[in-house]
2 protein chains.
Amino acid sequence: MKELQEIYQDFAKLEGKEISIIGRVRSNRQGKNVCFMVINDGTSFDDLQVVYKEGIDGFEDGTKSRVASIVEITGTLLLTPTKGQPFELSAHKIELLDQAVESYPLQKKEHSPEFLREIAHLRARTKTFNAVYKIRSELAFAIHKYFNDRGFIYAQTPIITGNDAEGAGEAFTVTTRGDDKYEKDFFGKQSTLTVSGQLHAEAFAQAFKKVYTFGPTFRAENSNTSKHAAEFWMIEPEVAFSDLQDNIVLIESLIKYTVNYVFEKCDAEFKFLDANLEAGLIDKIKNLVESKFKTTSYSEAIKLLQNAVKNGHQFEENKIAFGLDLATEHERYICEVINQAPTFVIDYPKDIKAFYMKLNDDHQTVAAVDLLVPGIGELVGGSEREGDYDKLIKRCEEMGIDPSSLDWYLNLRKYGYFKSAGFGLGFERLLMYITGVANIRDVLLYPRTPNNLLF
Amino acid sequence: MKELQEIYQDFAKLEGKEISIIGRVRSNRQGKNVCFMVINDGTSFDDLQVVYKEGIDGFEDGTKSRVASIVEITGTLLLTPTKGQPFELSAHKIELLDQAVESYPLQKKEHSPEFLREIAHLRARTKTFNAVYKIRSELAFAIHKYFNDRGFIYAQTPIITGNDAEGAGEAFTVTTRGDDKYEKDFFGKQSTLTVSGQLHAEAFAQAFKKVYTFGPTFRAENSNTSKHAAEFWMIEPEVAFSDLQDNIVLIESLIKYTVNYVFEKCDAEFKFLDANLEAGLIDKIKNLVESKFKTTSYSEAIKLLQNAVKNGHQFEENKIAFGLDLATEHERYICEVINQAPTFVIDYPKDIKAFYMKLNDDHQTVAAVDLLVPGIGELVGGSEREGDYDKLIKRCEEMGIDPSSLDWYLNLRKYGYFKSAGFGLGFERLLMYITGVANIRDVLLYPRTPNNLLF
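Residues numbered from 1 in each chain as written. Chains lettered and ligands numbered in written order. Predicted model: local features only at pLDDT ≥ 70, side-chain atom pairs only at ≥ 80, totals over all residues. Heavy atoms only, no water.

Caption draft 1: Structural view of the overall build of chain A. A tally of regular secondary structure across chain A gives 13 helices and 16 strands. Here the C-alpha coordinates of chain A stretch approximately 85 × 60 × 40 Å along the principal axes. Per-residue burial over chain A gives 59% buried out of 455 residues. Long-range contacts, defined as pairs at least 24 residues apart, comprise 67% of the intrachain contacts of chain A with a sequence gap of at least 6. Carbon together with sulfur atoms contributes 46% to the accessible area of chain A, which is approximately 17,900 Å² in total. (Helix = DSSP H or I, 4+ residues; strand = E, 2+ residues; numbered from the N terminus. Buried < 20%, exposed > 50% of the residue type's maximum accessible area, 1.4 Å probe, protein only. Contact = heavy atoms within 4.5 Å. Areas by Shrake-Rupley, 256 points an atom, 1.4 Å probe, with all protein chains shown as cover.)

Okay, here's the thing in C-alpha cells:
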C-alpha cells in the first residue's frame, strides 16, 4: 500500500508500475467512455486522479462510491504532464471499503466559514482548512526546532495555577465544586487556568539560561471578536543574562526562521491560500522574511502619530499623547505608513505595562518591546525584567499587586539574578498572519469562545 | 561572551585563549595559594572550574561571591586532562554581577525530594533536577521529531471541553461562576478540563490519516500516590486505515526511537542519574531499546497468571479469572517473569475497556493493546476503534453513555470510515521510567496534586 505523499515524491520512478492506495473519495463522475474519481488519503495536499472504465474488477463499487467514502484502488501510474496534474492512476481494481451516507455535509459546493465552524470535526477535510492545519503543524514543529537547535529547554509550565497576580478577573476558575468554598476544593484553595507561563518560565531560565514555553493559555474575556478566543497557544521564551536588545534580536530571528521554514515546507498549501484566501499572501510572507525590522521608541512613535494628526490623518482615537495605549490603528500606521516595515516599539510608559518590566533610568518608561507587523499590528510583546528586588516590590505596590501572593517569583531576585528578558508570541496570531485567515476561530482546531463550546 | 556549552564543544581549540563567561556560582573556596570557584551558566550539565589568585582584577569580588551569585569571569582556558575535568579557567578578572543572599535555600548539602518540592522554582538548579528537566525537554522534542519526520500532523486538541462521556466524575469544571448555574456560565453550559484528546484527534485522522496530540490532560482524582498528578502530559497518535497490528508496530517504534534519541543526546545526564539515582539505569535503557517486544493475548496472560498462582506465586489479588482488570503486580509478572521483555497484551474483555474499542469476532473481547514494561507495568494503552456505527451505539448503551452527547464523534462512522487505531502514552510515566525518578511530582515542573498548588 502506498501513501499519496510517497507517490508525489517518487512518481517519475513509479511510471508504469502497479500501485495500491486507500483513500477518501473527493469527487466521482461518470463520463461516456471513462469515469473519473478524485481521491486523497490525507498525506498530501494535492489529490490523486483515478481513471477507470467499465469491465474492470470492482467497476460497480467504483460508480456507486459517494463523496467521502473510503476506497482501495489498484492501478497503473501514468504520467500526464499535459493534463494539469503530473500523473494519474489507471485503475484495474476498485474496492469500496466504506460507503459514506448521502447526507454527508461537505458536498462539493462552497461553504461559509460560519457553517464550517459548526462541523469543526469535518472541516479539516476541506482544502482551505487542510492547508491551514498542515501549516499549523509545521509551524509548531519549526518553533520547537528553532529553540531545540539553539539549546533552549522546553519548559512545560503548569496550566492550573494559584497565581492570580496577572489577568485577575480574566481567569477561569478550575474546581470540583458547584459553589465557591474553595478552601474545601481539590487544591484547598482557588485555582485558575493560566494566562501566561512567563513567571514560571523565568524561574527555569535561572537554571538553564535559555528556556521557552509552548502551551495553551486562557482568557475568560467576554469579547466576541475575530481576534479573541478563550483558549489559544502561546510561545514564551526567556533568556537569563540578556537584555532588551538581545530580546529584539531573538524575536526577529525566531519569526524569520519559523516563517521561512513553513514557507519552504508547505509550497502547495501556500499557493492554494494565495489563490483562494488572500491574494498576495506569498509576497507578504517573502517581504516579512526578507525585510529588515526597524526600531522606534514609544516617545518617538507618539511624536510621529501627533504629526500625522497635524497633517490631517484621522484615527478613531485622535488624542495622541504620552501615556496612550496604542490601538491597532496606531500600530498599523507606525509600521505600514511611517516605517513601511515590521517595527519594534520600545520603552513604553510604565503605567500601561506589567509590573515585572524593568524600569528605565528616566523612571517613566520600562524596557518593553512590542513587535508591530503590517496588516495586524502587535504580534509580539516582551520586555527585559526588573532585576532589582526593591524596585520590583515598589512596582507591585503601584500596580495594586500584593507582593506576598508572588513571593516565590519576587524572591528569584535574591538568589543570584542578573538581567533576564523574554517575550510572548501568540501562536494563532502568527498563524493567521501567514495563512491569511481572518478569524482566530478558523486557525484553532475546535475554537472556544463565549457561549460556544461545541465538540 | 561564551556559553559553557560552546566551551565544552570546542575546548581543545580554545586552549590558551582568553574567554569571558557569565555564570552562577555553585561553590567557592579559598585555598592557601589559590582559590577555586565552580560556576555554571545553565547551558551545560557539567560545570566550569575557575581558579583565581590574589592580585587579579576583582579578587575581592571573587572571594566574597556567595553560592548562587552571578559572576562574570575573564580568564585563560587551560587543559587539565589529569585533574578529573578536561579543562579549567585561570581567571585574571572577576566581576560580581549580583550577590545572592546568605539564606539561599540550596546550599551544598543534600536535600530531600520533599523539601525540594517546596522550592520547585529553584530545584532545577540542582544536578538531579537539571538532568531530569533536560531529558524531559529532549524527550518532548524527540516525540515531535519522530512524528513530524513521518508525516504526522500535530493536532492541538482543546483543553476545555464539553464532552463528559469519558472520565465522568474525574474531570475538573472550568467556570467563571461561584455556583453551578452553568447555563449562565461563560460557555452557556458546563465545561471541563480534558481527560484525553483522542476523540478530537480521531476526527482529524479522518482528514490527515496520521495525527498526534501532545498536550496537558487532567484528572480530578483524589489519589495521593507517587504515580498520580492532577495535571500531566499525554501523547495520543491516531492513524486512519490502520489496525491493531499497525498500532503495535507504531508503539514499539515510537518508544525505541524517542528513548534512543534522548539517550544519545543526554550522555552526561544519564551517567549522573545512573550513578546517583538508579543504579543500572543505563543498562535498563539499553535493554529497552534493544529488546524485541513480545505479544501475549489477555486470555493467555490470565492462564499464565493462574498457573503462577497454582505454582505458589502470591499476588495481592490472587483470584485470577477472565474479566480481571490486571493490576500492576500482574502486569509486572507478565513482562518481568513470564516474557522477560516489554510485552503487548492484546484483546482485553470488553467490559473493562472503553466504549470506542473495536469489538472482536468473539463478541467478548476488544481490539485493545496495553504495553507492559518491566519495573512499572502499563506504559501505553491503545486500541483499534470500532468502525461500525451500530455496534458503537450499542457499546455506548451498554456502558451507560448517552450517544446524543457524542453524536459528532459517533457520526464520523457515517462519513467514510475504514479502520482507525491509536494509543495514549503518558509522557511523565515514560520520563520516570528512563530517568529513574520514583515520584511523578519530581518529573513535572510544578506538580499539581490534591491540596497542593504552590507556585
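Caption draft 2: Representation of the sheet that holds strand E15 (residues 377–384) of chain A. Residues and elements named next belong to chain A. Taken together, the eight strands give an open sheet; going across it, the order is E6-E10-E11-E16-E15-E14-E13-E12, and neighbouring strands pair in mixed fashion. Taken across any chain shown, the strands that pair with only one partner, and hence form the sheet edges, are strand E6 (153–154) and strand E12 (294–297). With six bridges joining them, strand E13 (residues 343–349) and strand E14 (residues 365–373) adopt antiparallel strand pairing. Directly across from Val 345, in E14, lies its bridge partner Asp 370. (Pairing = 2+ DSSP bridges.)

Caption draft 3: The arrangement of the packing of aromatic side chains in detail. In this structure the tally under the stated criterion is 67 aromatic pairs over all chains. Plain terms: the ring middles of Phe 204 of chain A and Tyr 133 of chain B are 5.0 Å apart, the flat faces sit at 70 degrees to each other, and that makes the pair edge-to-face. Pair noted here: Phe 204 of chain A is in helix H5 (residues 198–208) and Tyr 133 of chain B is in helix H4 (residues 127–149), and the two residues belong to different chains. We note that Phe 204 of chain A, like Tyr 133 of chain B, is buried. The side chain of Lys 256 of chain B reaches across the aromatic face of Phe 293 of chain B, ending 4.8 Å from its centre. The aromatic ring of Tyr 389 of chain B is capped on one face by Lys 414 of chain B, whose charged end is 4.6 Å from the ring centroid. (Phe/Tyr/Trp six-rings, centres within 6.5 Å; stacked < 30°, edge-to-face > 60°. Lys NZ or Arg CZ within 6 Å of the ring centre and 35° of its normal.)

Caption draft 4: Region of the structure containing the interface of chain A and chain B. Contacts between the two partners involve 102 residues from chain A and, on the opposite side, 102 residues from chain B. Here chain A and chain B share an interface that buries about 8,500 Å² over both sides, 64% of which is from carbon and sulfur atoms. A per-residue breakdown of the area chain A buries against chain B is headed by Gln 156, Phe 186 and Tyr 415 of chain A, which together make up 10% of the total. Summed over the shared surface of chain A and chain B, the number is four salt bridges. Lys 210 of chain B serves as the salt-bridge partner of Glu 3 of chain A, at 2.9 Å between the closest nitrogen and oxygen. (Buried area = accessible area lost by both parts, 1.4 Å probe. Salt bridge = Lys/Arg side-chain N within 4 Å of Asp/Glu carboxyl O.)

Caption draft 5: A look at the relation of the copies chain A and chain B. The two copies are related by a screw motion: chain A maps onto chain B through a turn of 180 degrees and a shift of 0.0 Å along the axis, at an RMSD of 0.0 Å. Interpreted geometrically, this transformation is the action of a two-fold axis. It is Asp 179 of chain A whose C-alpha, among those of chain A, lies nearest the rotation axis, at 2.1 Å. A share of 100% of the interface residues of chain A reappears at the interface of chain B, consistent with the copies meeting face to face through the same patch. (Least-squares fit on C-alpha atoms with pLDDT ≥ 70 in both.)

Caption draft 6: Molecular detail of the pattern of salt bridges. All names here are of chain A. One pass over the structure, following the stated rule, counts 55 salt bridges over all chains. Salt-bridge contacts for Lys 350 lead to Glu 398; the nearest nitrogen and oxygen are separated by 3.7 Å. Of this pair, Lys 350 sits in the loop between E13 and E14 while Glu 398 is found in helix H11 (residues 389–398), placing the two residues 48 residues apart along the sequence. Judged by its relative accessible area of 16%, Lys 350 is buried. When its relative accessible area of 40% is taken as the criterion, Glu 398 is described as partly exposed.

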